[in-house]
Amino acid sequence: MTRSLKILFAVAEASPLVKVGGLADVAGSLPWVLRQQGHDVRIIMPHYPAVDKAIPELTHLLDGLAIPMMGQHRPVSVSVVASNGVPTYLVANDHYFQRARVYGEPDDLERFLFFSRALLRAVDRLDWQPDIIHCHDWHTAAAIAMLKTDPELRSLFSRCATVFTIHNLAYQGWFDDHFVSVAGIGSFLPRVEPHLRNQLYSMMALGIYYADVVSTVSPTYAREILTSQYGEKLETVLGLRREDLYGIVNGIDVEEFNPATDHRIPFNYDKDNPDRKYENKAALQRQFGLPEDPGIPVLGMVGRLATQKGIDILVSALPAFLQQHEAQFILLGTGEPNYVRMLAHIATGYQDKMSASFSFDAELAQFIYAGSDLFLMPSQFEPCGLGQLIAFRYGTIPVVRHTGGLVDTVEDVSPGLETGNGFVFQEYTAEALLKAMHRAVTVFKNRDAWRRLVVRAMSANHSWGTSAKEYEALYNRALEKVS
Ligand code: ADP
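What this report covers is the structure whose coordinates are included nearby. Since we're looking at a predicted model, the values are computed, not measured.

Some details on the sheet that holds strand β16 (residues 397-401)
Link 1 in the chain: The sheet built from 6 strands is open, its strands ordered β14-β13-β12-β15-β16-β17 with parallel pairing. Each edge of the sheet is formed by a strand with only one pairing partner; in this case those strands are β14 (354-357) and β17 (423-425). Mean inter-strand twist for the sheet, computed between neighbouring axes without regard to direction, equals 20°.
Link 2 in the chain: With 4 bridges connecting them, strand β15 (residues 374-377) and β16 associate as parallel partners. By the bridge assignment, Leu376 is partnered in β16 with Val399.
Link 3 in the chain: Of the strands in this sheet, β12 (298-305), β15, β16 and β17 touch helix α18 (residues 430-444), which is tilted by about 165° from β17.

The structure is reproduced here in C-alpha cells:
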C-alpha cells in the first residue's frame, strides 16, 4: 500500500464547474480517480460566475485576505464546494474573476499571476496542508516559481513538492520587461538563463524551470517538445529538465462519457448492442438538416477552430472530399473568425452534405460523438487530445494525423482491416488528409469489417486507471526531491 498523499490541483478550469477545453476534462476527472486510489486530492481554482450557475451551494471559508498586485491590495475570499465528490476551493476576487470568459481577457497575465499569488496565501490559511501542489499550464506556473524563490513561502511550504503539467505548450502566457517591472516579479525570473531572457518571458517557462518534476499529457508529446519543431521556443529550458520530464497519457471519465447511460444522447447503446448507435445517427442527420440515410458515412468534428486543430488543411481538403464522395460532414466548433467564415462558406456550397454549428454546446457535442461514424482530428500538433478517446467510447472511428497523443492512442487500421482503431495520416497536408478520409469512407462500405472496427474501438479501455498510477509514481518522485 502506497502512502496516502494530500494533493492540491491548482488549475484555471475544471469540469463540471467551468469548461473551455480538455484541461477542464482532466481536472474534472483525474482528481476523483486519485481519490479512489486513497489520496486526498482537492482542487483550487478561480471563482468565476459560471461556478455559481453549476453549483449554487457554497461553504464560505475565508475572508479578508489582501493580495498585493500591481501596487494595490486586492481582497480575496475563499469558499469550498464538493464538485463530483472532490473538495474544490474557489478563490474569489470580483475585479479579476467576475468575468464571463475564463480566458481571452486583455489582462489574463495579471489575472492568473494574481491567482497564483492568491492561491498560495489561501492554502497557507487553510487547515489542510498539501504534500504536493500540482499546477497545470501557464495560468498557475508562477505559483511554483514564487513557492521556490520567496523566502517566506519557501519556509511555509518547505516540505511541499511541486509538479507542473503542460497540457498545451502553445499557450504560454508571454510577458515582457514592462510587465516584469509593473508586476514586481523580477525576483523569480531566473537570472542566469539567457534562453529565458530572449526578449520575452513566459509563465510556462517558470513552471518548467522551477517545478520538482514536469510532465505533459502523452509520451510522444513529451519527446516532441524537446525539438524546435514542437518546442514553441521552450525546447532549451525543457532540455534542462529532460531528466525530470515525463509523458502520461490522459484518460477520460468513463462514467460521464458512457453511451449506455449518457442522458445527453437520444438513444443509449453499448458494445454488445451497437446498432442503436444508428438511431442516433438518423436523429443527428435530421437535426442537422441532412438526408437521413444509414448508408452515407457521417464524419463529425467537435473542437476549437484553431490552426493547431488542422483547420487550414481541412478547409483545403473539404470541398474536394464533398465533391467526390457521398458523405456528410457535421461540425461543432468555435474559434478563429477566419476559419468560421471559410467553413460557413463551404457549408453553403454543400447544403445537402455539410452542416455546422459555430457554438460551444456540451450536449450537442455528445450527440455528434454518438451519431457520427467517423471523427476528424487532423491536428498540426496534439499534446494528447480527448476527442479521439471520447469518440472510441461512442464507437466513432477517428481520422487523425500522426502527432503527439494521437500517436499514443490511435493505431492505423491494417490493410486486412483486422487490427487498428482509426485512420492515421503522416504529412500535414490537405492531400494526406484527403487520402485518409477517402480510405475511411471506403472501409465504411465494408459493413462486416466496419462493425468489427466499431466494436473493437468501443472495447478498448480509456479510463484513468493506468495513468493515475503513473501520476502517483510522479508525485512520489517529486516528494523524493524535496526530502
Ligand atoms: P483542447 O486542445 O481544446 O483541449 P481536447 O481534444 O484535449 O482539445 O479537448 C477538447 C474538449 O472540449 C473535448 O471534451 C471536446 O469534446 C470539447 N469541446 C471542444 N469544442 C467544443 C464545442 N464547441 N462544444 C462542446 N464541446 C467542445
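As for the site of the ligand
Link 1 in the chain: The environment of the ligand is made up of 20 residues, and the closest members are Gly22, Asp25, Arg304, Ser359 and Tyr369.
Link 2 in the chain: Lys19 places a side-chain nitrogen or oxygen 2.9 Å from an oxygen atom of the ligand.
Link 3 in the chain: The separation between an oxygen atom of the ligand and a polar main-chain atom of Gly22 is 2.7 Å.
Link 4 in the chain: In the complex, the protein chains occlude 91% of the 570 Å² of accessible area that the ligand would expose alone.

Description of the sheet that holds strand β4 (residues 72-83)
Link 1 in the chain: Taken in spatial order, the 9 strands of this open sheet run β3-β4-β5-β2-β1-β6-β7-β10-β11, and their pairing is mixed. The open sheet is flanked by β3 (59-69) and β11 (245-247), the only strands paired with a single partner. Adjacent strand axes in the sheet meet at a mean angle of 25°, parallel and antiparallel pairs treated alike.
Link 2 in the chain: With 5 bridges connecting them, strand β1 (residues 6-10) and strand β2 (residues 40-46) associate as parallel partners. Across the sheet, residue Phe9 finds its bridge partner in β2, namely Ile43.
Link 3 in the chain: Contacting β1, β2, β3, β4, β5 (86-92) and β6 (132-136), helix α5 (residues 108-125) runs over the sheet at an angle of about 125° to β3.

Some words on the pairing of β5
Link 1 in the chain: Counting buried residues along β5, 7 of its 7 residues qualify, which places the element largely inside the surrounding structure.
Link 2 in the chain: By the alternation rule, side chains of β5 split into Val86, Thr88, Leu90 and Ala92 and Pro87, Tyr89 and Val91, which are all buried.
Link 3 in the chain: Two strands pair when backbone bridges link them, and β2 and β5 are joined in this way by 4 bridges, in the parallel orientation. For Pro46, the partnering residue across the bridge sits in β5 and is Val91.
Link 4 in the chain: Turn length for the β4-β5 hairpin, with the two strands adjacent in sequence and antiparallel, is 2 residues, and the turn residue Asn84 shows positive phi of about 50°.

Structural notes on the pattern of salt bridges
Link 1 in the chain: Evaluated as defined, the whole model comprises 23 salt bridges.
Link 2 in the chain: Between Glu472 and Lys469 there is a salt bridge, with its nearest N and O atoms 3.9 Å apart. Of the two residues, Glu472 and Lys469 both sit in helix α20 (residues 465-482), 3 residues apart, roughly one turn of that helix.
Link 3 in the chain: Given the relative accessible area of 48%, Lys469 is considered partly exposed.

Side note on the nonpolar core
Link 1 in the chain: Core analysis: the biggest nonpolar cluster contains 102 residues, and Ile44, Leu113, Phe164 and Phe175 have the highest contact counts within it.
Link 2 in the chain: In terms of residues, this core owes the most to one element, α5, which gives 10 residues.

Some remarks on the packing of aromatic side chains
Link 1 in the chain: Tallying each qualifying case throughout the model produces 17 aromatic pairs.
Link 2 in the chain: Connected via pairs of aromatic rings, a cluster forms that spans Tyr48, Tyr96, Phe97, Phe114 and Phe115.
Link 3 in the chain: Looking at Arg447, its charged tip hangs above the ring of Phe444, at a distance of 4.7 Å from the centre.

Observations regarding the state of the cysteines
Link 1 in the chain: Applying the stated criterion across every chain, the model contains 0 disulfides.
Link 2 in the chain: With no disulfide of its own, Cys135 has Cys160 as its nearest cysteine by sulfur position, at a separation of 9.0 Å.
Link 3 in the chain: Given a relative accessible area of 0%, Cys135 falls into the buried group.
Link 4 in the chain: The exposure class of Cys160 is buried, given its relative accessible area of 3%.

Description of the pairing of β15
Link 1 in the chain: Of the two faces of β15, the one holding Leu374 and Leu376 and the one holding Phe375 and Met377 are both buried throughout.
Link 2 in the chain: Pairing analysis gives 2 bridges linking β12 to β15, with the strands arranged parallel. In the strand pairing of β15, Gly300 is matched with Phe375.
Link 3 in the chain: Regarding topology, helix α16 (residues 387-393) serves as the crossover connection from β15 to the parallel β16, and that connection is right-handed.

Quick notes on unusual backbone geometry
Link 1 in the chain: Of the consecutive residues Ser15 and Pro16, the connecting peptide bond is found in the cis state with omega at 0°.
Link 2 in the chain: Mapped onto the secondary structure, Pro16 falls in the loop between β1 and α1 (22-27).
Link 3 in the chain: One non-glycine residue, Glu232, lies in positive phi territory at about 50°.
Link 4 in the chain: Along the chain, the position of Glu232 falls in the loop between α10 (219-224) and α11 (235-240).
Link 5 in the chain: Its identity as a non-glycine residue notwithstanding, Lys233 has a phi of 70°, on the positive side.
Link 6 in the chain: Looking at the secondary structure, you find Lys233 in the loop between α10 and α11.

As for the packing of helix α12 (residues 277-287) against helix α15 (residues 362-371)
Link 1 in the chain: As a packed pair, α12 and α15 sit with axes 8 Å apart at the nearest point and diverge in direction by 125°. Taken together, the axes of α12 and α15 are oblique relative to one another. Here α12 runs over α15; the crossing is left-handed. Between α12 and α15, the contacting residues are Lys277, Asn280, Lys281, Ala283, Leu284 and Gln287 on the first element and Leu364, Phe367, Ile368, Tyr369, Ala370 and Gly371 on the second.
Link 2 in the chain: The class makeup of the residues in the contact of α12 with α15 is 7 nonpolar, 3 polar and 2 charged.

Cut-offs used in this document
- Residues numbered from 1 in each chain as written.
- Predicted model: local features only at pLDDT ≥ 70, side-chain atom pairs only at ≥ 80, totals over all residues.
- Heavy atoms only, no water.
- Pairing = 2+ DSSP bridges.
- Helix = DSSP H or I, 4+ residues; strand = E, 2+ residues; numbered from the N terminus.
- Axes fitted to C-alpha atoms, helices over the stretch in contact; angles between N-to-C directions.
- Contact = heavy atoms within 4.5 Å.
- Near = heavy atom within 4 Å.
- Polar contact = N/O pair within 3.5 Å; in protein donor to acceptor, adjacent residues only side chain to side chain.
- Areas by Shrake-Rupley, 256 points an atom, 1.4 Å probe, with all protein chains shown as cover.
- Buried < 20%, exposed > 50% of the residue type's maximum accessible area, 1.4 Å probe, protein only.
- Salt bridge = Lys/Arg side-chain N within 4 Å of Asp/Glu carboxyl O.
- Core = buried A, V, L, I, M, F, W, Y, C linked by side-chain atoms within 4.5 Å.
- Phe/Tyr/Trp six-rings, centres within 6.5 Å; stacked < 30°, edge-to-face > 60°.
- Lys NZ or Arg CZ within 6 Å of the ring centre and 35° of its normal.
- Disulfide = S-S within 2.5 Å.
- Right-handed = clockwise from strand over helix to strand, strands pointing away.
- Parallel < 35°, antiparallel > 145°, perpendicular 65-115°, else oblique.
- Left-handed = near helix turned anticlockwise from the far one by under 90°.
- Nonpolar A, V, L, I, M, F, W, Y, C, P; charged D, E, K, R; others polar.

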